[in-house]
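Chains, contacts and geometry: an overview
Residues per chain, in single letters:
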Amino acid sequence: METILVHAQTLVYTLVGLMPTAYQRDSLQTLLGLFLQAQGHPLPQSSSIKSASALSRFLNHYDWPTRHLIRVLRQQILQQLLAYQPLGRRPHLQVIIDLTTLEKRGKLKAFGHLIHVLQGKRGLHLVVLYLVVGSFRVPFAFRVWRGKGAPSPAHLALRLLDNLPRTRTRAYRVLVLADAAFGSTEFLSGLRKRRLHGIVGVRCERRLSDGRRVDSLSHKGQQVRLEGLSFPVTISWLYVERNEKLEKRFMLSTRPLKGNTITWWGRRRWAIEGFFKTIKHRFGLHRFGQQSLVGAYRWFVLCLVSFLLAHWCFLSQASWGLPDWGASAQQAIQILFPEVAICLVLVQLERIRSLLHSFGLEVILADVRT
């Protein structure tokens, strides 16, 4: 998997090359290095290399091509995904959609109109599209839900699906996975219109065309018609432990499948929940506190870039099991941002210089190439 490190290095060089000045190139690398420390609080004031005001200006005021950076990022993601071509049948590309809340308190004047309460949580609500194929797990796109009266999360999810280039994903069998928040008639009809197959959660009180509720079904794999839906779906369910109790969760498939197959694929949706925990608590997605909407948007994008680089470094190790995000992020700093890694070491040495002196020690740097 050495080639994936080359791909990651190419991505870094390309993104840095988009910055119009050397000062902004340094700021970009410093910010990515800050995210890749993977401590969960990559705030500008935590930087020991550049001042917080310099990083804040980079995010909120400087003119650099954010949209171009996103296009380059998506192209690189698709290029790497298409490189995964195992022998045999076409692999499944799991397109997982979910909504996450970046909780916020207090008044946020810059983007207060985007802060809403949903399911008892106040904050910025993002609809995220997450791609999984083989060992690759990458965030691809997101949209901000703007509250009641604006396009619904289901409508935003369909827009995100339209961002997937169909010509580039023909190498896969595309399968859309989503929870019950996206089980609306609008979303299911949108999948059928786009000729996409989906396995989506459905609420237990959802009515069938004959007036019964979904939770009245007794056999997995039954094909039924939901009220308001013009085509049949297949219902299954699984049990999830919540508060030391088992809860029955229903799901549907837009194509006829066996009940156990629907349940198996339905469990795959939980991959995005692990991503949300990692991107927040390791890379600080919810820690944005910028003075402008563009600053918050850039924060989200650079946070996703950092996650992607750490993930690719984990894949380069060809190891199995769950990733150690701290170790993978540190590897990403050392390989992809060596100057930032050296600066961090030098700053730390300077901080403990007096401690070293108290023990009669002195650290001397020498050029070993001579």
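This section reports on the structure supplied with the text. Since this is a predicted model, take the numbers as computed values, not measurements.

Focus: the overall build of the chain
Along its length, the chain carries 12 helices and nine strands. Principal-axis analysis of the C-alpha atoms gives the chain an extent of 80 × 50 × 45 Å. With 370 residues in all, the chain has 49% of them scored as buried. Within the chain, contacts between residues separated by at least 24 positions form 63% of all contacts whose residues are at least 6 apart in sequence. Total accessible area computed for the chain in this model is approximately 19,200 Å², and 52% of it derives from carbon and sulfur atoms. The centroid of the 51 positive side-chain charges in the chain is displaced by 8 Å from the centroid of its 21 negative side-chain charges.

A look at the packing of aromatic side chains
Applying the stated criterion across every chain, the model contains 15 aromatic pairs. Taking the centre distance of 5.1 Å and the plane angle of 80 degrees together, the rings of Phe 288 and Phe 300 count as edge-to-face. With Phe 288 in the loop between α8 (271-281) and α9 (293-316) and Phe 300 in helix α9, this pair connects stretches of sequence that are 12 residues apart. Since its relative accessible area comes to 2%, Phe 300 is described here as buried. Through a chain of ring-to-ring contacts, the aromatic side chains of Tyr 130, Phe 275, Phe 276, Phe 283, Phe 307 and Trp 325 assemble into a single cluster. The lysine or arginine in question, Lys 50, covers the ring of Tyr 23, its NZ or CZ lying 3.6 Å from the ring centre. Over the aromatic face of Phe 140 sits the side chain of Arg 74, whose NZ or CZ is 5.5 Å from the ring centroid.

With respect to unusual backbone geometry
Of note in this structure, Gln 119 is not a glycine but carries a positive phi near 55 degrees. Along the chain, the position of Gln 119 falls in the loop between β2 (116-118) and β3 (121-133). Overall, Gln 119 belongs to the exposed group, its relative accessible area being 68%. Its identity as a non-glycine residue notwithstanding, Arg 195 has a phi of 60 degrees, on the positive side. On the secondary structure map, Arg 195 appears in the loop between α6 (185-193) and β6 (197-202). A relative accessible area of 73% means that Arg 195 is categorised as exposed.

Let's talk about the nonpolar core
Counting residues in hydrophobic clusters, the biggest one holds 120 residues, and the most contacted among them are Leu 161, Phe 187, Ile 235 and Phe 300. Among the elements that line this core, the one with the most residues is α9, at 16 residues. Setting aside residues no more than four positions away along its own chain, Phe 300 makes contact with Leu 102, Leu 124, Leu 126, Phe 142, Leu 285 and Phe 288.

Quick look at a nonpolar patch on the surface
Residues Ile 342, Leu 346, Val 363 and Leu 365 make up a contiguous nonpolar surface patch of roughly 370 Å² in combined accessible area. With respect to the helices, strands and loops of the structure, Ile 342 is situated in helix α11 (residues 338-351). Of the residues examined, Ile 342 reaches a relative accessible area of 51% and is grouped as exposed.

About the criteria used
Residues numbered from 1 in each chain as written. Predicted model: local features only at pLDDT ≥ 70, side-chain atom pairs only at ≥ 80, totals over all residues. Heavy atoms only, no water. Helix = DSSP H or I, 4+ residues; strand = E, 2+ residues; numbered from the N terminus. Buried < 20%, exposed > 50% of the residue type's maximum accessible area, 1.4 Å probe, protein only. Contact = heavy atoms within 4.5 Å. Areas by Shrake-Rupley, 256 points an atom, 1.4 Å probe, with all protein chains shown as cover. Lys, Arg positive; Asp, Glu negative; His and termini not counted. Charge placed at Lys NZ, Arg CZ, Asp CG, Glu CD. Phe/Tyr/Trp six-rings, centres within 6.5 Å; stacked < 30°, edge-to-face > 60°. Lys NZ or Arg CZ within 6 Å of the ring centre and 35° of its normal. Core = buried A, V, L, I, M, F, W, Y, C linked by side-chain atoms within 4.5 Å. Patch = residues over 30% accessible without salt bridge, like charges linked within 9 Å, V, L, I, M, F, W, Y side chains within 5 Å. Salt bridge = Lys/Arg side-chain N within 4 Å of Asp/Glu carboxyl O.

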